[in-house]
Amino acid sequence: MKLNHNYSSLTANYLFTEVAHKVNAYVEKHPEKEIIRLGIGDVTQPLVKCAVEAMQQASQEMGTREGFHGYGPEQGYAFLRQAIQARYAQWNAAVDQTEIFVSDGAKSDLANILGLFDVDNIVLVPDPVYPVYVDDNQMDGRKIVYVHGNRENSFLPMPDPTIQADIIYLCSPNNPTGAAYTKRQLESWVEYARAQDAVILYDAAYESFITQADCPHSIYEIDGAKECAIEICSFSKIAGFTGTRCGYTVVPLCLERQRMRLNPMWRRRQTTKFNGVAYVVQRAAAAVLTQQGLVQIQKNLDYYHNNARVLADVLHRAGIWYCGGENSPYLWMQCPGQMTSWQFFDWLLENCGIVGTPGAGFGACGEGYFRLSAFGNAEQTEIAAQAMQQKLMECFG
Ligand code: PLP
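One structure accompanies this document, and this report is about it. (Residues numbered from 1 in each chain as written. Predicted model: local features only at pLDDT ≥ 70, side-chain atom pairs only at ≥ 80, totals over all residues. Heavy atoms only, no water.)

**Notes on the sheet that holds strand β6 (residues 199-203)**
Here's step 1: With mixed pairing, seven strands are arranged side by side in an open sheet as β2-β8-β7-β6-β5-β3-β4. Of all strands in the sheet, those with a lone pairing partner are β2 (100-103) and β4 (143-148), marking the two edges. Each neighbouring strand pair of the sheet contributes to a mean axis angle of 20°, computed without reference to strand direction.
Here's step 2: Here β2 runs beside strand β8 (residues 247-250); their pairing, made up of four bridges, is antiparallel. Opposite Ser103, over in β8, you have Gly247 as the bridge partner. (Pairing = 2+ DSSP bridges. Helix = DSSP H or I, 4+ residues; strand = E, 2+ residues; numbered from the N terminus. Axes fitted to C-alpha atoms, helices over the stretch in contact; angles between N-to-C directions.)

**Examining the environment of Asp140**
Here's step 1: Within the secondary structure layout, Asp140 lies in helix α5 (residues 131-140).
Here's step 2: Using a relative accessible area of 32% as the deciding quantity, one classes Asp140 as partly exposed.
Here's step 3: Measuring from C-alpha to C-alpha, the distance between Asp140 and Ala111 comes to 9.8 Å, with 29 residues separating the pair along the chain.
Here's step 4: Sequence-distant contacts of Asp140, defined by excluding residues within four places in its chain, comprise Asn6, Leu114 and Val119. (Buried < 20%, exposed > 50% of the residue type's maximum accessible area, 1.4 Å probe, protein only. Contact = heavy atoms within 4.5 Å.)

**Considerations on the sheet that holds strand β11 (residues 322-324)**
Here's step 1: Spatially, the four strands line up as an open sheet ordered β11-β12-β15-β14, and their pairing is antiparallel. Every other strand in the sheet has two partners, leaving β11 and β14 (357-358) as the edge strands with one partner each.
Here's step 2: Of the pairings in the sheet, the one linking β14 to strand β15 (residues 369-373) comprises two bridges and is antiparallel in character. For Pro358, the partnering residue across the bridge sits in β15 and is Phe370.
Here's step 3: This element, helix α11 (residues 341-352), spans β12 (330-334), β14 and β15 of the sheet and lies at about 45° to β15.

**Notes on the side chain of Lys237**
Here's step 1: Mapped onto the elements of the fold, Lys237 is located in helix α7 (residues 236-239).
Here's step 2: Comment: no salt bridge for buried Lys237; closest opposite-charge side chain is Asp42, at 6.2 Å.
Here's step 3: At a separation of 2.9 Å, a polar atom in the side chain of Lys237 contacts the main-chain carbonyl oxygen of Gly41.
Here's step 4: Residue contacts for Lys237: discarding those within four places in its chain leaves Gly41, Val43, Ala205, Tyr206, Ser208, Phe209, Thr242, Leu301, Tyr330 and Phe375. (Lys, Arg positive; Asp, Glu negative; His and termini not counted. Salt bridge = Lys/Arg side-chain N within 4 Å of Asp/Glu carboxyl O. Polar contact = N/O pair within 3.5 Å; in protein donor to acceptor, adjacent residues only side chain to side chain.)

**Section: the site of the ligand**
Here's step 1: Residues in close proximity to the ligand total 14 residues, the closest being Asp203, Tyr206, Ser234, Ser236 and Lys237.
Here's step 2: With respect to the ligand, the side chain of Tyr206 contributes an N or O atom lying 2.7 Å from an oxygen atom.
Here's step 3: For the ligand, an oxygen atom lies 2.8 Å from a polar atom in the side chain of Arg245.
Here's step 4: When the ligand sits alone it has 400 Å² of accessible area, and the protein chains cover 91% of it.
Here's step 5: Among the cavities detected, the one that contains the ligand is the largest pocket.
Here's step 6: The residue inventory of the shell around the ligand, partitioned by class, reads six nonpolar, four polar and four charged. (Near = heavy atom within 4 Å. Areas by Shrake-Rupley, 256 points an atom, 1.4 Å probe, with all protein chains shown as cover. 1 Å grid on protein atoms, 1.4 Å probe; cavity = no way out; pocket = protein on both sides within 12 Å on 5 of 7 lines; lining within 4 Å. Sits in = over half its atoms within 2 Å of the grid points. Nonpolar A, V, L, I, M, F, W, Y, C, P; charged D, E, K, R; others polar.)

**A look at the nonpolar core**
Note that soluble globular proteins tend to have their nonpolar side chains buried in a common cluster.
Here's step 1: In this structure, Ile168, Ile200, Phe235 and Phe241 are the most contacted members of the largest nonpolar core, which totals 63 residues.
Here's step 2: In terms of residue count, helix α9 (residues 279-288) provides more of this core than any other element does, eight residues in total.
Here's step 3: Within the second largest apolar cluster, 33 residues are counted, among which are Val310, Ile320, Met339 and Ala374. (Core = buried A, V, L, I, M, F, W, Y, C linked by side-chain atoms within 4.5 Å.)

**Brief notes about the packing of aromatic side chains**
Here's step 1: The tally for this structure, following the rule as stated, stands at 29 aromatic pairs.
Here's step 2: A ring pair is formed by Tyr303 and Tyr304, whose centres lie 5.9 Å apart and whose planes are at 80°; its orientation type is edge-to-face.
Here's step 3: Within the aromatic cluster, the residues linked to one another by ring pairs are Tyr88, Trp91, Tyr220, Phe235, Phe241 and Tyr248.
Here's step 4: The ring of Phe79 carries Arg283 above its face, with NZ or CZ at 3.7 Å from the centroid.
Here's step 5: When the ring centre of Tyr330 is taken as reference, the NZ or CZ atom of Arg371 above it lies at 4.2 Å. (Phe/Tyr/Trp six-rings, centres within 6.5 Å; stacked < 30°, edge-to-face > 60°. Lys NZ or Arg CZ within 6 Å of the ring centre and 35° of its normal.)

**Observations regarding empty space enclosed by the protein**
Over the atoms a probe the size of a water molecule is rolled, and this reveals where empty space is left.
Here's step 1: Across all of its chains, the model carries three cavities of 30 Å³ or more by this definition.
Here's step 2: Here the largest cavity is characterised by a volume of approximately 60 Å³.
Here's step 3: As for the largest cavity, its lining consists of Pro126, Asp127, Pro128, Gly149, Phe155, Leu156, Pro157, Cys171, Asn174, Thr177 and Tyr181.
Here's step 4: Split into classes, the residues belonging to the lining of the largest cavity amount to seven nonpolar, three polar and one charged.
Here's step 5: When its volume is computed, the second largest cavity comes out at roughly 50 Å³.
Here's step 6: In this structure, the second largest cavity is lined by Val43, Gln45, Pro46, Lys237, Ile238, Ala239, Gly240, Asn300, Leu301 and Tyr304.
Here's step 7: Broken down by secondary-structure element, the contributors of at least two residues to the lining of the second largest cavity are α7 and α10 (291-317).
Here's step 8: Considered class by class, the residues forming the lining of the second largest cavity number six nonpolar, three polar and one charged. (Points joined across faces, edges and corners; volume = space filled by probe spheres on them.)

Printed below as a string of structure tokens:
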């Protein structure tokens, strides 16, 4: 019997364990002090009314002979795929319903999609990175090469034609940096992927946070992207579905490599290994994409955007370099006083009672940087901002 030894080469996920360990030690030492958590990647606003009502109604239906639903259509119910298709149409991105596969969220699809690709492929990953991309590929034993995000490129690394790649990960707006690619930048990536005969795995989990007109919501807004890109998206951050679980993956019909079409391959994979998302949840997701639903989720998105603005103002006033916040719930700041990201973690906790996420946990290029999340409560974010402003000015102003 042989186990998958790639698991022993995984880097241990110290980031959140170490954060929890340090926070617990601080709380024990200062039981009287309140901690404000700006490290969270989870949403905090409740589900919008129309999603809740749709779930209630669907649950009622499920309890009747006429309205009961057993196994659903393999790619997801037509009512949800139609709603997703209509959303793409608004962005002038033509997507056929047979290209849309409803899933239980982006994280599982990001891992499962790799089953379509041989392990003998080179994977290109921008650093800093959502660590899941790296771990998924290390588990399979693929070779990973990195492109570097830094202050000079505003944490939006561009393709390097001298680097050979078969699979390319892009995440825009990005976790952890909050940076979002413009249309022109994505055009360069599509051009590069086509020249390399590579496939882009485009993670659009944060698309609804985009406010800048020249940042596409979908890679398919770029000409030629359908011949080289798979898009993975989620209702988690768009509509607070982190605990409800619903997402979708778009695999274009024209995406073909080595005379094999990836759409029927993915359909075959899904019909064999996946049995769909609950009817009740798909009804809630479709409700979110109605006109009324979009208005309701926008209120939550505005709430998070406002938190981001409050934090951005502090960094701006303190003269600290940062990116993100505008098209994202994340702000990515340079640590003041040339501190490492863990040194700044300790400083922020000790001086302001704030917990954030050290950039080093997202890759080598994250060292010296720090992620603040706008997913928290507005009052707490205000309090955190005031504390930060005062201490940053005092120590580094
Ligand atoms: N992609 C990115 C970039 C994320 O930050 C996350 C969650 O934090 C996910 C995907 C996972 O999303 P889901 O909840 O749909 O699995």
